Amino acid sequence: MKYQHIIAQMRLEEKVQLLSGQDMWSTKSIKRLGIPSAILSDGPHGIRRQADIGDPLGIHLSLPATCFPTAVTMANSWDEALCEEVGRALGKEAKQLHVDVLLAPGLNIKRHPLCGRNFEYYSEDPYLSGKLAAAFIRGIQESGVSACPKHFAANNQELRRMSNDSIVDARTLREIYLTGFEIAVKEGKPRAIMSAYNRLNECYTNEDSTLLLSILRHEWGFEGFVVTDWGGGNDFVEGIRCGSNLEMPGTGGDSAYQLYKAVASGHISEDIVDQRLDELLGVILTCHSDDKIGQADIDDETRNVHHHLARKAAASSMVLLKNESGILPIEDDRSVAVIGEFAVHPRYQGAGSSRVNPTSMESIMACIDQYGLNVSGYSDGYRRDDQRRDLLIRDAVELAKSSDVILLCIGLEEIMESEGQDRVHMRLHEKQVQLLDALYEVNKNIIVYLSGGSAVVMPWLDKCKAVLQGYLGGQAGSLALLDIVTGAVNPSGKLAETFWLKQQDVPSDPFWQKKQRTSEYREGLYVGYRAYTTTNRPVLFPFGYGLSYTSFSYTDIEANAQAVSFTVTNSGSRSGREIAQLYVGKKDSGVFRPARELKGYASVELETGESRRLSIEFDDKAFRYFDVDKNSWVVEAGTYQIMIGSNALQIQLICEIEVEGVQLQSPYKQAQIPHYFSGQVESVTEFEFECLLGRAVPAGAWDEQAPLEMNDALSQMYYAKSWIARLVYRGLIGWFNRSKKKREPDLNILFIYHITFRGIAKMLGGVIGMEMARGILHIANGEVGHGLRRLAKGFEIRRRYRRFKNK
């Protein structure tokens, strides 16, 4: 151990307390040993350092910080250098705001477009996610601040997120849900990582020794610390045993006291506690600066430089999905009607713990005069509060009649996607579609600017001539939009996720939230483009798709065992950037595989008529597959297809190479799992899934006759035995429904609605301990006497651990 000389001077009481937080956002300190308190802060796309009293739900205002484009936006740049530059800016701001550990980036896979937190995640593809995350991490850590990628792992829905069990077969887990984290850890070398709320194959991720020790530390070489998601710890002692280092937030000494008793009784070795402490100290002592006293503001120079960087990042990440008749860029002599409330009050970031208090805020209407456009007027067209819909549409139609072009700003509203809740459908709000229909009747020259954190269906696509997908562009996103629509910037973003024709086409949709306790990942490897490139099912816009104001051609492919090379030419009328994508497939494989998988990419800036030779090397991920019999990665020998495409469906060049490897002894019997071999995963049966899992599928339904358990959520109290608990539930659901009518998500309500009985003890700073939470559970189950006795016992235990805490 690196810090044995410090640990040897510590009492057991001190050791166990360091492994649980001091409060909501900081760790404990031991001044006599020179161990400082470290400050952790939210912030995948900006620093959310809270002023005054910290809380996890955003009640208190955070200090101003640059609001960069969210991960869903940045991913479309496919630009590692840009991600590193943004990460560097975040690291600098974190340093100025005295943050030691930045809880970023989020790189969970977009298994389904309805996940409410997709705006915080990069892609449906693990290779792209991992590469961008690694760059982001390197940038953050240049300033000495520690990055903390999250949520490890298979955290792909918000519904029942603190109790849900993700049931995933071993190969899919490794190839899809862990590969991004593997790349991020090996290439980015983060000093921290956050475990997920959910269970994974019946074990909480924070207590999964295979995940945290065997894979993360021993296989990938991770040397930092593992922190729980806030309130995500289940069994603190078991978490420490299995590789977790820090529970957040602090529980007022309750968890530390449990660990102290476990060591004293011999239930867990003090050597394990010392090892977890050594790993934690390695980060705290490395990242902490002696000059961190109090809070500071971000200086003016940093604000200005980072605002311009946010604008650059947003412009590089916007995706041009349609441009009929070259309506974009808008010609100077054409009159433009700007319609849509988002043009005045933009949707620029997601809701929840990542919400940033921006240092500046731009809107389209506030900036449009700087661009020389001939603006004929502005109309709301719709409002978030859904009031005066007919009148607003009439006003917008009148403006559209007298204009050459309409710039229509629509998209997903805040209430439709948020941490703590999943979307209920993939459509835009009906009022926005009604507005589009009405405008189309009087003016066909409609340019749609879409805001939002995830893919939507577009049955209205034929009623607009252009669609620019802006996602959530941060505080300077409006400037970036105007840069593109005026032609100052040539769009170059390409989709990091698929846009589907309808929700039922999503491979995971037949299994999405069909069970109450479990999420069955029956689709296996066939996430996103891996499904439709195998089955030839049509989609609206494929993974990797994006238009430009110019065009590119591909020629002269050559490949050997080390790399593939090819030539890209700008065959259009203006300079631009192209992102060439490398896909690999194997038609005669001994195991089932998707038809193609992303294994590399390269971007190039070209002037009109310019050509350049590009080369993409094959790395250790290019040909591997996870052999469940060997429990290791292997390369299957044989012929592989090397495909260069401008997106997952548009393959421009193809060749074949021979790859050395092993002759596979397939663990799969095709007759038992035919739909995995065909890719028709929407028809996978429970028997097939069990064959893939190698075991029976756990029961996924709630037994409403059984008592509630510690890991059941408060939202389940509708079937509690106690009338008091049912009354509390009715009050909670009423509170929940009233908040939805405000058209803005309330994370406090969402968090309480989904919190488990166990989570009550984890989130209140020791006001209610675990024994008291058990008492509350017994009362909810109608065992009032037993519950009251447990509450009384809990009060006594709380007195003990408060005395213990002050030792």
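Residues numbered from 1 in each chain as written. Predicted model: local features only at pLDDT ≥ 70, side-chain atom pairs only at ≥ 80, totals over all residues. Heavy atoms only, no water.

**Some words on the overall build of the protein**
Scanning the protein from N- to C-terminus turns up 23 helices and 24 strands. If you line up the protein on its principal axes, its C-alpha atoms span 80 × 65 × 55 Å. Each of the 807 residues in the protein was classed as buried or not, and the buried ones make up 66%. The contacts of the protein with a sequence gap of at least 6 include a subset with a gap of at least 24, amounting to 76%. Working note: accessible area of the protein is about 28200 Å², and carbon and sulfur atoms make up 48% of it. (Helix = DSSP H or I, 4+ residues; strand = E, 2+ residues; numbered from the N terminus. Buried < 20%, exposed > 50% of the residue type's maximum accessible area, 1.4 Å probe, protein only. Contact = heavy atoms within 4.5 Å. Areas by Shrake-Rupley, 256 points an atom, 1.4 Å probe, with all protein chains shown as cover.)

**Concerning the packing of helix H6 (residues 170–188) against helix H7 (residues 209–219)**
Closest axis-to-axis distance for the H6/H7 pair is 11 Å, and the angle between their directions is 45°. In terms of their interaxial angle, H6 and H7 are classed as oblique. The two elements H6 and H7 cross, and the hand of that crossing is right-handed. When H6 is examined against H7, the residues Arg174, Leu178, Val185 and Lys186 are found in contact with a partner set consisting of Leu211, Ile215, Leu216 and Glu219. Counted by class, the contact of H6 with H7 contains five nonpolar, no polar and three charged residues. (Axes fitted to C-alpha atoms, helices over the stretch in contact; angles between N-to-C directions. Parallel < 35°, antiparallel > 145°, perpendicular 65-115°, else oblique. Left-handed = near helix turned anticlockwise from the far one by under 90°. Nonpolar A, V, L, I, M, F, W, Y, C, P; charged D, E, K, R; others polar.)

**With respect to a nonpolar patch on the surface**
On the surface, Trp723, Ile724, Leu727 and Val728 cluster together into a nonpolar patch covering about 410 Å² of accessible area. On the secondary structure map, Trp723 appears in helix H19 (residues 723–741). Judged by its relative accessible area of 56%, Trp723 is exposed. (Patch = residues over 30% accessible without salt bridge, like charges linked within 9 Å, V, L, I, M, F, W, Y side chains within 5 Å. Salt bridge = Lys/Arg side-chain N within 4 Å of Asp/Glu carboxyl O.)

**Considering the pattern of salt bridges**
Taken as a whole and assessed by the stated rule, the structure comprises 52 salt bridges. The partner of Lys586 in a salt bridge is Asp588, and the shortest N-O contact between them spans 2.7 Å. Here Lys586 falls in the buried class, since its relative accessible area comes to 8%. Classification of Asp588 by relative accessible area gives exposed; the value is 52%.

**Quick word on the sheet that holds strand E23 (residues 638–645)**
Spatial strand order, E19-E18-E23-E24: four strands in an open sheet with antiparallel pairing. Taken across any chain shown, the strands that pair with only one partner, and hence form the sheet edges, are strand E19 (597–606) and strand E24 (651–659). Pairs of neighbouring strands in the sheet enclose a mean axial angle of 20°, with direction left out of account. The sheet contact formed by strand E18 (residues 576–585) and E23 spans five bridges and is antiparallel. Paired with Gln581 across the two strands is Gly645, which belongs to E23. (Pairing = 2+ DSSP bridges.)

**Remarks on a negative patch on the surface**
A contiguous patch of negative charge on the surface is contributed by Glu331, Asp332, Asp333 and Asp404. Following the sequence through the fold, Asp333 ends up in the loop between strand E9 (319–323) and strand E10 (335–339). (Lys, Arg positive; Asp, Glu negative; His and termini not counted. Charge placed at Lys NZ, Arg CZ, Asp CG, Glu CD.)

**As for the sheet that holds strand E2 (residues 101–103)**
In space, the three strands of this open sheet follow the order E1-E2-E3, with parallel pairing throughout. Each end of this open sheet is capped by a strand with a single partner; those strands are strand E1 (40–42) and strand E3 (146–147). Examined bridge by bridge, E2 and E3 share two bridges and lie parallel to one another. Each bridged residue has a counterpart across the sheet, and for Val101 the counterpart in E3 is Ser146.

**Some points on the layout of surface pockets**
What the largest pocket holds in volume is close to 540 Å³. As for the largest pocket, its lining consists of 21 residues, of which Ile415, Gln421, Asp422, Val424 and Lys740 are closest to the centre. Counting residues per element, the ones that place at least two in the lining of the largest pocket are H19 and helix H20 (747–754). Among the elements that line the lining of the largest pocket, the one with the most residues is H19, at four residues. Tallied by class, the residues present in the lining of the largest pocket amount to eight nonpolar, seven polar and six charged. (1 Å grid on protein atoms, 1.4 Å probe; cavity = no way out; pocket = protein on both sides within 12 Å on 5 of 7 lines; lining within 4 Å. Points joined across faces, edges and corners; volume = space filled by probe spheres on them.)

**Considering the nonpolar core**
With 101 residues, the main nonpolar core has Phe152, Leu216, Phe543, Leu598 and Tyr676 as its most contacted residues. Each residue touching Tyr676, except ones within four places of it in the same chain, is listed here: Arg522, Glu523, Gly524, Tyr526, Phe592, Val681, Val684, Glu688, Phe689 and Leu692. (Core = buried A, V, L, I, M, F, W, Y, C linked by side-chain atoms within 4.5 Å.)

**Considerations on the packing of aromatic side chains**
Inspection of the entire model under this criterion finds 24 aromatic pairs. Both rings, one in Phe592 and one in Phe677, keep their centres 5.6 Å apart while their planes meet at 70°; by these two values the pair is edge-to-face. Residue Phe592 is found in the loop between E18 and E19, and its partner Phe677 is found in helix H17 (residues 674–678); the two are separated by 85 residues along the sequence. Exposure remark for Phe677: the relative accessible area of 23% places this residue in the partly exposed category. (Phe/Tyr/Trp six-rings, centres within 6.5 Å; stacked < 30°, edge-to-face > 60°.)

**Things to note about the packing of H19 against H20**
Relative to each other, H19 and H20 sit at 145°, their axes nearing to 10 Å. As for how H19 packs across H20, the hand of that crossing is left-handed. Residues Tyr729, Leu732, Ile733, Trp735, Phe736 and Ser739 of H19 pack against Ile749, Leu750, Ile752 and Tyr753 of H20. Its residues assigned to classes, the contact of H19 with H20 comprises nine nonpolar, one polar and no charged.

**Details of the environment of His112**
Assignment of secondary structure puts His112 in the loop between E2 and helix H5 (126–141). Along the primary structure His112 and Asn156 are separated by 44 residues, whereas in three dimensions their C-alpha atoms are 7.7 Å apart.

**Notes on helix H15 (residues 477–485)**
Buried residues dominate H15, accounting for nine of its nine residues. Here H15 has its buried residues at Gly477, Ser478, Leu479, Ala480, Leu481, Leu482, Asp483, Ile484 and Val485. In this fold, the buried residues of H15 make contact with helix H11 (300–317), helix H12 (364–367), strand E12 (405–411), strand E13 (446–451) and strand E14 (466–471). Phi for Gly487, located one or two positions after H15, is positive at around 90°.

**Thoughts on the confidence of the model for the protein**
Looking at the protein as a whole, its pLDDT mean stands at 94, while 97% of the residues score no less than 70. Here residues 290–294 scores under 50 on pLDDT; set against residues more than four positions off or in separate chains, the count is eight contacts. (pLDDT = per-residue confidence, 0-100.)

**Quick word on the environment of Gly590**
Mapped onto the secondary structure, Gly590 falls in the loop between E18 and E19. Owing to a relative accessible area of 33%, Gly590 belongs among the partly exposed residues under this scheme. In this structure, the C-alpha to C-alpha distance between Gly590 and Ala637, residues 47 residues apart in sequence, is 9.9 Å. If sequence neighbours within four positions are ignored, Gly590 has contacts with Glu636 and Ser666.

**Section: the side chain of Gln17**
Tracing the backbone through its elements, the reader meets Gln17 in helix H2 (residues 12–18). In terms of polar contacts, Gln17 uses its side chain to reach the backbone carbonyl oxygen of Glu13, at 3.2 Å. (Polar contact = N/O pair within 3.5 Å; in protein donor to acceptor, adjacent residues only side chain to side chain.)

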